[in-house]
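Examination of the molecular architecture
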Amino acid sequence: MPLRIGDEAPDFTAETTQGTIRFHDWIGDGWAILFSHPKDFTPVCTTELGYMAGLKPEFDKRHCKILGLSIDSVGDHAKWAKDIEETQGHAPTYPIIGDSDLKVAKLYDMIHPNASGAASTRTAVDNATVRSVFMVGPDKKIKLMLTYPMSTGRNFDEVLRVLDSMQLTAKHKVATPVNWKPGQDVIILTSVSDDEAKQKYPGGWKTHKPYLRVVPQPK
């Protein structure tokens, strides 16, 4: 069955570059990002893995763990990490799943369920659909799904922005408008009455339309 936002993230046990993990246990009570790759030693993914390693402290501040996946062995990942550090300045400091049997890729509906063959004989083109980002909340539900073509590097600054938005909106009855960045005004949910809004925001808000009320970001 295809996965959707709001579904429980499928649990699994897998070998990674940092040992065996069980996904839900590994997440714990925080957030997690699972981002996947079609093949080791591919150029775009090399830049992505390195960038995420550099960005990891920002995710750590937000209690969000990072988990990579690639359709090759853990041993190949270790060799690839050397290239990533040499070319990008950062080696991955987060675990990367060895998914050479395509188990997790199939579980997350990233590849055809009938796909088969050893990882060493499959090409990046064979695995082209395995370039997704899943964000999972503390409740183990999928909060975000993004899938990119192989020729386009992912924007992980945007993923961080979305995480900021989701953590804010999970705590307060607000939504974030187009191109929102942390610190900017937010939107009061339509489910919040004016009377309730007066209690939450005694400083007031700006009403563009009855359904569009803008207020400074809550602390």
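Above this text is the structure in question.
The following paragraphs examine the structure supplied in this document. Computed from a predicted model, the values in this text were never measured in an experiment.

Definitions and cut-offs
Residues numbered from 1 in each chain as written. Predicted model: local features only at pLDDT ≥ 70, side-chain atom pairs only at ≥ 80, totals over all residues. Heavy atoms only, no water. Pairing = 2+ DSSP bridges. Helix = DSSP H or I, 4+ residues; strand = E, 2+ residues; numbered from the N terminus. 1 Å grid on protein atoms, 1.4 Å probe; cavity = no way out; pocket = protein on both sides within 12 Å on 5 of 7 lines; lining within 4 Å. Points joined across faces, edges and corners; volume = space filled by probe spheres on them. Nonpolar A, V, L, I, M, F, W, Y, C, P; charged D, E, K, R; others polar. Core = buried A, V, L, I, M, F, W, Y, C linked by side-chain atoms within 4.5 Å. Buried < 20%, exposed > 50% of the residue type's maximum accessible area, 1.4 Å probe, protein only. Contact = heavy atoms within 4.5 Å.

Some points on the sheet that holds strand β9 (residues 186-188)
Strand order in the open sheet formed by four strands is β8-β9-β11-β10, with antiparallel pairing between adjacent strands. Each of the sheet's edge strands pairs with one partner strand only, and the pair in question is β8 (174-175) and β10 (206-209). The sheet contact formed by β10 and strand β11 (residues 212-215) spans three bridges and is antiparallel. Paired with K209 across the strands is L212, a residue of β11.

Section: the layout of surface pockets
The space that makes up the largest pocket amounts to roughly 180 Å³. What lines the largest pocket is D164, Q167, L168, K171, H172, W180, P182, Q217, P218 and K219. By residue class, the composition of the lining of the largest pocket is four nonpolar, three polar and three charged.

Digging into the nonpolar core
F12, F23, L67, I97 and Y108 are the most contacted members of the largest nonpolar core, which has 25 residues in total. Those elements that place two or more of their residues in this core are α1 (23-27), β3 (31-37), β4 (64-70), α4 (103-107) and β6 (132-136). Setting aside residues no more than four positions away along its own chain, F12 makes contact with I21, R22, F23, L67, I97, V104, L107 and Y108. Within the second largest apolar cluster, 24 residues are counted, among which are I33, L49, A53 and F156.

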